[in-house]
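Below are the chains, spelled out letter by letter.
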Amino acid sequence: MKIIVIGLGNPILGDDSIGLKIAEGLSKKMPSVKTILSPRLDLGLLEEMEDFDICFVIDAFINKHQIETL
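Residues numbered from 1 in each chain as written. Predicted model: local features only at pLDDT ≥ 70, side-chain atom pairs only at ≥ 80, totals over all residues. Heavy atoms only, no water.

Visitor: I would appreciate a short explanation of the overall build of the protein chain in the present structure.
Guide: In terms of regular secondary structure, the protein chain is built from three helices and three strands. Helices and strands in the protein chain line up, N terminus first, as β-α-β-α-β-α. Looking at the 70 residues of the protein chain, the share that counts as buried comes to 23%. For the protein chain, the share of sequence-separated contacts (at least 6 apart) that also reach a separation of at least 24 residues comes to 65%. (Helix = DSSP H or I, 4+ residues; strand = E, 2+ residues; numbered from the N terminus. Buried < 20%, exposed > 50% of the residue type's maximum accessible area, 1.4 Å probe, protein only. Contact = heavy atoms within 4.5 Å.)

Visitor: Please explain the side chain of Ser17 as it appears in this structure.
Guide: With respect to the helices and strands, the residue Ser17 is situated in the loop between strand E1 (3-8) and helix H1 (18-29). Judged by its relative accessible area of 4%, Ser17 falls in the buried class. Setting aside its immediate chain neighbours within four residues, Ser17 contacts Asn10 and Pro11.

Visitor: Which parts of the structure should I look at to understand the pattern of salt bridges?
Guide: Pairing is possible between side chains of opposite charge, provided their charged atoms come close. Per the counting criterion, the structure on display carries two salt bridges. For Glu48, the salt bridge goes to Lys34, with nearest N and O atoms at 3.6 Å. Note that Glu48 is positioned in helix H2 (residues 44-49) and Lys34 in strand E2 (residues 34-38), a separation of 14 residues in sequence. The partly exposed category is assigned to Glu48, whose relative accessible area is 34%. Its relative accessible area of 36% is what places Lys34 among the partly exposed residues. The shortest N-O distance in the salt bridge between Asp42 and Arg40 comes to 3.5 Å. (Salt bridge = Lys/Arg side-chain N within 4 Å of Asp/Glu carboxyl O.)

Shown next, in the form of structure tokens:
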């Protein structure tokens, strides 16, 4: 079974890079899993997913309403 992990995020913004960090950590622990680190989800990534049985996309966001209530 072929697995791909796509980590999304902006490496400059610490709060937005969690997808990248998790995917990078997984790549070190599971070298047989293909890992892609990307600053955004775009149609070009669909081609990368084509030959895999399972695809995990890791991303995060922050809800501005939650920030205002903190």
